[in-house]
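Chain and residue survey
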Amino acid sequence: MAAVENSNAIALGLLGDEWNLAIIKLALTSDVRRYKDFREALGIANSVLTARLRRLTEFGIFTMLRYQEAPSRFEYVLTDCGRDLWQVLLTIWSWEATWVTGHSEPLPPMYHLDCGEEFSPVMCCRSCGLGADTRDVHGAFGPSGGFARSVPQAATRRRSAGGSPVPGLVPQTIELIGNRWSAALLAAAFLGARRFTDMRQMTSAPPTMVSDRLRTFCQMGVLQAVAPSARSTRGEYRLTDKGRAFFPHIVVMLNWGDRWFRAPEGPATLLTHTRCGRDFTPVLHCSCCGLELHGSRVQVGGDPPKAR
């Protein structure tokens, strides 16, 4: 019997789908609510849009509100759970803007209304306020964790058989988290796995899939193959600066999943900030003024604002 998906798997299943991200982006940044407006803005097939909106509504990202009686028509309105995804989108845009070229359309600039500057989000520890990255955040599976439950059961959530080409807004993010084995092997790398055998054993992924994903990650520049040395007869795969820079997105995404989809037995992932020794909860700060970011004080796209 298949393992029950935990909050990690639910978050990856929802946010590892580029159409879902495109729909959420429009709702958050442009207040798009109606089916025809999503369809016109995205150029998406009806079957694909219908399936995505249904799934996002089932998981509480949207709620449906009737705006016309005859014929009956509904708007898709973001819930608190959906609005909370602004942090996830910020970390995606920041990483893609810094590390990835060749987007289908330019990524929007991000402005902090409190200082009026274009910024990048900086991940910090909510407990102590200090910065945090892969070197000072220790991760382990929690009561509902484990690889069997932490990756989506479906082989991929990126495409559907409806026909629309994917948007291409965040291509490498989807390459990393849009496939269940990609997500699992990336998680293994963040948990310290460096060798082929370690990654295979931790994730239970087929050997051919491990080889394929490691090759892809190296081509993307997320991992670097290190040749055997005098101290080790086996080669290793180590995270590059680009790979480590993806860590805030993973942490923010999984934290969102735990807030809204935590299993009854407890969290899927336990994080500790080694700099203060406390449980780690990510919070995003402005790279320019250092203040904590809030969704209502962030402007995505448009002309530079004046500080308020």
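A few points on the structure. (Residues numbered from 1 in each chain as written. Predicted model: local features only at pLDDT ≥ 70, side-chain atom pairs only at ≥ 80, totals over all residues. Heavy atoms only, no water.)

Some words on the nonpolar core
Leu15, Phe38, Ile61, Phe62, Leu176 and Trp256 are the most contacted members of the largest nonpolar core, which totals 81 residues. Here Leu176 is in contact with Trp95, Ser182, Ala183, Leu186, Phe217, Met220, Val222 and Phe246, once residues within four sequence places are set aside. (Core = buried A, V, L, I, M, F, W, Y, C linked by side-chain atoms within 4.5 Å. Buried < 20%, exposed > 50% of the residue type's maximum accessible area, 1.4 Å probe, protein only. Contact = heavy atoms within 4.5 Å.)

Let's talk about the layout of surface pockets
In this structure, the largest pocket occupies an estimated 1,000 Å³ of space. Taken together, 48 residues form the lining of the largest pocket, with Gly139, Leu191, Phe247, Thr269 and Leu271 sitting closest to its centre. When contributions to the lining of the largest pocket are tallied by element, the ones reaching two or more residues are α1 (7–15), β6 (137–141), α7 (147–150), α9 (180–190), β8 (236–239), α13 (247–261) and β9 (269–273). Here the lining of the largest pocket gets seven residues from one element, more than from any other, and that element is α13. Counted by class, the lining of the largest pocket contains 29 nonpolar, 11 polar and eight charged residues. Its boundaries defined by the atoms lining it, the second largest pocket holds a volume of some 380 Å³. (1 Å grid on protein atoms, 1.4 Å probe; cavity = no way out; pocket = protein on both sides within 12 Å on 5 of 7 lines; lining within 4 Å. Points joined across faces, edges and corners; volume = space filled by probe spheres on them. Helix = DSSP H or I, 4+ residues; strand = E, 2+ residues; numbered from the N terminus. Nonpolar A, V, L, I, M, F, W, Y, C, P; charged D, E, K, R; others polar.)

So, the pairing of strand β2 (residues 73–78)
Successive side chains on a regular strand alternate, one facing one side of the sheet and the next facing the other. Sheet topology places strand β1 (residues 62–68) next to β2; six bridges connect them, and they run antiparallel. Looking at the pairing, Phe62 lines up with Leu78 of β2. Here β1 hands over to β2 after four residues, the two strands then running antiparallel side by side. (Pairing = 2+ DSSP bridges.)

Remarks on the sheet that holds strand β10 (residues 278–279)
Pairing in this open sheet of three strands is antiparallel, and the strands run β6-β9-β10 from one edge to the other. With one partner strand each, in any of the chains shown, β6 and β10 form the two edges of the open sheet. Two strands pair when backbone bridges link them, and β9 and β10 are joined in this way by two bridges, in the antiparallel orientation. Looking at β10, one finds that Thr272 is bridged to Asp279.

Thoughts on helix α2 (residues 18–30)
If you check α2, its first and last C-alpha atoms are 17 Å apart, about what 13 residues at 1.5 Å a residue would give, namely 18 Å. When you tally the buried positions in α2, you get 10 out of 13 residues, the bulk of the element. Considered for burial, the residues of α2 that qualify are Glu18, Trp19, Asn20, Leu21, Ala22, Ile23, Ile24, Lys25, Leu26 and Ala27. Sitting at the head of α2, Asp17 places a side-chain oxygen 2.9 Å from the backbone nitrogen of Trp19. Following α2 by one or two positions, Asp31 has its phi on the positive side, about 55°. (Expected span 1.5 Å × (residues − 1). Polar contact = N/O pair within 3.5 Å; in protein donor to acceptor, adjacent residues only side chain to side chain.)

Focus on the sheet that holds strand β3 (residues 110–112)
On the basis of which strands lie adjacent, the open sheet formed by three strands has the order β4-β3-β12 and antiparallel pairing. The open sheet has two edge strands with one neighbour each: β4 (117–118) and β12 (298–300).

Details of empty space enclosed by the protein
Take a probe with the size of a water molecule and roll it over the atoms, and the empty space left behind shows itself. Tallied over the entire structure, the rule returns three cavities of 30 Å³ or more. Estimates place the volume of the largest cavity at around 60 Å³. In this structure, the largest cavity is lined by Glu18, Leu21, Ala22, Lys25, Leu89, Ile92, Trp93, Leu169 and Val170. Element by element, the count of residues in the lining of the largest cavity is highest for α2, at four residues. Within the lining of the largest cavity, the residues separate by chemical class into seven nonpolar, no polar and two charged.

A word on the side chain of Asn255
Topologically, Asn255 is positioned in helix α13. Since its relative accessible area comes to 17%, Asn255 is described here as buried.

Some words on the packing of helix α6 (residues 86–99) against α13
Angle between the axes and distance between the axes: these two values describe a pair of packed helices. The contact between α6 and α13 brings their axes to 9 Å, and the two run at 165°. With respect to α13, the axis of α6 lies roughly antiparallel. Crossing hand, α6 versus α13: left-handed. Along the contact surface, α6 presents Gln87, Val88, Thr91 and Ile92, while α13 presents Pro248, His249, Val252, Met253, Trp256 and Arg259. Grouping the amino acids of the contact of α6 with α13 by side-chain chemistry returns six nonpolar, three polar and one charged. (Axes fitted to C-alpha atoms, helices over the stretch in contact; angles between N-to-C directions. Parallel < 35°, antiparallel > 145°, perpendicular 65-115°, else oblique. Left-handed = near helix turned anticlockwise from the far one by under 90°.)

A look at the packing of α1 against α13
Packing of α1 against α13 leaves a shortest axis separation of 8 Å and a crossing angle of 115°. In this structure, α1 meets α13 at a crossing whose hand is right-handed. The residues of α13 that touch α1, namely those facing Ser7, Asn8, Ile10, Ala11, Leu12, Leu14 and Leu15, are Met253, Leu254, Trp256, Gly257, Asp258 and Phe261. Split into classes, the residues belonging to the contact of α1 with α13 amount to nine nonpolar, three polar and one charged.

Keep in mind these numbers describe shape, not what the thing actually does.
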